[in-house]
Amino acid sequence: MVCTNKSVLEWVEEMAALTKPDRIVWIDGSKAEKDRLEAEAVSTGEMVRLDEKKLPGCLYHRTALNDVARVEHRTFICTSKKEDAGHTNNWMAPADAYAKLRPLFDGSMKGRTMYVIPYLMGPAGSPVSKVGVEVTDSIYVVLNMRIMTRMGDIALKQLGDSNDWVRGLHGKAQVDEENRYIMHFPEDNAIWSVNSGYGGNVLLGKKCFSLRIASNLAHKEGWLAEHMLILGIEAPDGSVQYVTGAFPSACGKTNLAMLIPPASAKGYKVYTVGDDIAWMRIGEDGRLWAINPEAGFFGVAPGTSMKSNPNALLTTKANTIFTNVVLTEDGDVWWEGMGTPPPAKGTDWKGNPWTPGSPEKGANPNSRFTAPAAQCPCISPKWEAPEGVPISAILFGGRRAKTAPLVYQSFDWNHGVFVGATMASETTAAAAGNVGVVRRDPMAMLPFCGYNMGDYFAHWVAMGQRIKNPPKIFNVNWFRTDENGKFVWPGFGDNFRVLEWVLDRCNGKVDAVSTPIGYMPKPEDIDLTGLDGFTRKDLEGILTIDRDVWADEIKGIEEHFAKFDRLPAEMREQLAALKQRFA
Ligand code: GTP
Ligand code: SPV
Ligand code: MN
């Protein structure tokens, strides 16, 4: 299909005039095109074809050593007014940002090909789906976008003559860390990303569009764009209820979205709708409905095993791109925590010879797989439903060693917004920087909210007033540790035991204990049947609220709130009420 959309044609011409590629290739999304691009990437060494028997259709890629994660300190929201970006974002005036990046892009595609990728976020034909166009000089980006989005003619068809699409310019340039910038222009619906070739920095449909730009659109248009998984729980009677969950990067969304319930939960099944991003709108029935705008999973590899997450591992058995894991001599992949013996010899993520005796890890801690969602054994029959799925519960959660109990329910919507707004978690390898440092990460959106975080909280409060049948809001914490620093809760599939309580609460089937922080389960209401080596007493231990720890937590929340210039009154009231309940 030849693009006839005038706004797209003009913009592509403008981007080409700036970057000066040798040739321009329009991406149509066909199989022939995929084969051609894969062959080219393999011939240049950019990608390695894996063993066709073990991993049919799979490719391997290594990024530059300095380019293995998102770069939050180099990610900017460029609005006319600084206050509109807010204190949680780096800010630059749009004119200054364009002036800074133009020289970096100028001629950066000389000798290279510019690929033009029209893509769709959301199911084809859905009224809530949105179109983007990314130009890039990276085949790796094209092949990843092919998995993560609906790409090519399908997007041009949905766009028609419209001017309503997100403009994304990506250039690897020299992959120079010092000149790496991920810039967002919400007022222009534009994203400019330069000097990176990694995941969230360059697959512009993902965090840049579907969270940072989309959160701006959602704020304006009255919906929610969130860093959330979406799952469905089918009960033995065949009824299905849906839950979303916002946990910070590398804190368990993919794992929860694909979990297999324990044997004791006979007749229950969990279905995956999405593992990273949810777009949610109020339906005609007054409920909140969610779609997954993505078409694939860009999941954390280390720790993914047949024990921890068999559905994820099985999803990656074909047509998958592996980035920064160990490459074996027989064209297979391996990573720490895969649950299989390491290869005797291989090549590590840095491209060096590696053996199990090597002092360094073979796979980068933020190594990832890019796999088509449709291949997931537990993909929901509703995952591409144009209207989405109705949400019964929203979970917030993070890595908290001591503070948060296993689970608690908020008293009401605004209290739930407060619980999300005050979330904290230990940092992970998903972003460049220190790992294991506790920071406030409201709604798991700290790196992704594309506007003033105070306005974002106010938007959540306002949404609550408009939703007639709002989901119930909970907080979960799979990461409480004992005195030896070991996780107490078994987690993974056993998290289903918590989901059961959550749904029982939504369905009015179980009562709870009212505590200063919210409603908590009576220990006997969490089903521990069949859990080896985890006792009622262990459970009671992670359902405690330590007053001293919470006194510190309240101080932490006060410091967190003090940084806001536009904190809604409702959040101050919630904090006062929390203090009151502890007094
Ligand atoms: P992003 O893709 O970065 O947004 O991350 P995610 O939230 O999807 O994280 P993911 O599910 O990939 O989990 C990342 C890490 O958390 C892996 O190392 C998992 O092994 C670990 N993890 C996930 N669920 C659990 C759990 O229930 N308990 C424990 N202890 N670890 C978990
Ligand atoms: C995250 O960091 O939350 C991810 C991976 O999901 S990335 O696409 O790199 O942002
Ligand atoms: Mn994520």
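**Some thoughts on the environment of I154**
No. 1: Along the polypeptide, I154 turns up in helix 6 (residues 153-159).
No. 2: In the structure, I154 is positioned 19 residues away from V135 in sequence and 17 Å away in space, judged by C-alpha atoms.

**Comments concerning the site of ligand 2**
No. 1: Around ligand 2, 13 residues are found, and the nearest of them are R70, G200, K206, K207 and S249.
No. 2: The side chain of R70 places a nitrogen or oxygen atom 2.9 Å from an oxygen atom of ligand 2.
No. 3: The separation between an oxygen atom of ligand 2 and a polar main-chain atom of G200 is 2.9 Å.
No. 4: Bound to the protein, ligand 2 loses 98% of the 290 Å² it would expose on its own.
No. 5: Only helix 7 (199-202) and helix 8 (205-221) provide two or more residues apiece to the shell around ligand 2.
No. 6: In the shell around ligand 2, the residues fall into 4 nonpolar, 4 polar and 5 charged.
No. 7: Residues from two domains meet in the shell around ligand 2; each of domain 1 (6-46 + 70-222) and domain 2 (226-295 + 381-582) gives at least three.

**Focus on the coordination of the manganese ion (ligand 3)**
No. 1: Protein coordination at the manganese ion (ligand 3) comes from K207 (NZ), H227 (NE2) and D276 (OD), with a distance range of 2.2 to 2.3 Å.
No. 2: One way to put it: the 6 donor atoms around the manganese ion (ligand 3) meet at angles of 69 to 173°, and that makes the site octahedral.
No. 3: Of note, the manganese ion (ligand 3) draws all its donor residues from one chain, in the sequence arrangement K-x19-H-x48-D. One end of the pair, H227, is in the loop between strand 12 (224-226) and strand 13 (229-234); the other, D276, is in the loop between strand 15 (269-274) and strand 16 (278-282), and 49 residues separate them in sequence. Each member of the pair, H227 together with D276, is buried.

**Quick notes on the nonpolar core**
No. 1: Counting 149 residues, the largest nonpolar core has F322, F457, W460 and W489 as its most contacted members.
No. 2: Per-element tally for this core: the top contributor is helix 5 (residues 139-148), with 8 residues.
No. 3: If we skip the residues at most four places from it in the chain, W460 touches L224, E226, M228, I394, F396, W413, V417 and M443.
No. 4: In terms of nonpolar packing, the next biggest core, distinct from the first, is built from 33 residues, L18, V116, A155 and L159 among them.

Here is what the cut-offs are and how they apply
- Residues numbered from 1 in each chain as written.
- Chains lettered and ligands numbered in written order.
- Predicted model: local features only at pLDDT ≥ 70, side-chain atom pairs only at ≥ 80, totals over all residues.
- Heavy atoms only, no water.
- Helix = DSSP H or I, 4+ residues; strand = E, 2+ residues; numbered from the N terminus.
- Near = heavy atom within 4 Å.
- Polar contact = N/O pair within 3.5 Å; in protein donor to acceptor, adjacent residues only side chain to side chain.
- Areas by Shrake-Rupley, 256 points an atom, 1.4 Å probe, with all protein chains shown as cover.
- Nonpolar A, V, L, I, M, F, W, Y, C, P; charged D, E, K, R; others polar.
- Domains from an automatic or database assignment.
- Donors = N, O, S within 2.8 Å, 3.2 Å for Na, K, Ca; no water.
- Tetrahedral: all angles 85-135°; square planar, octahedral: opposite > 155°, others 65-115°.
- Buried < 20%, exposed > 50% of the residue type's maximum accessible area, 1.4 Å probe, protein only.
- Core = buried A, V, L, I, M, F, W, Y, C linked by side-chain atoms within 4.5 Å.
- Contact = heavy atoms within 4.5 Å.

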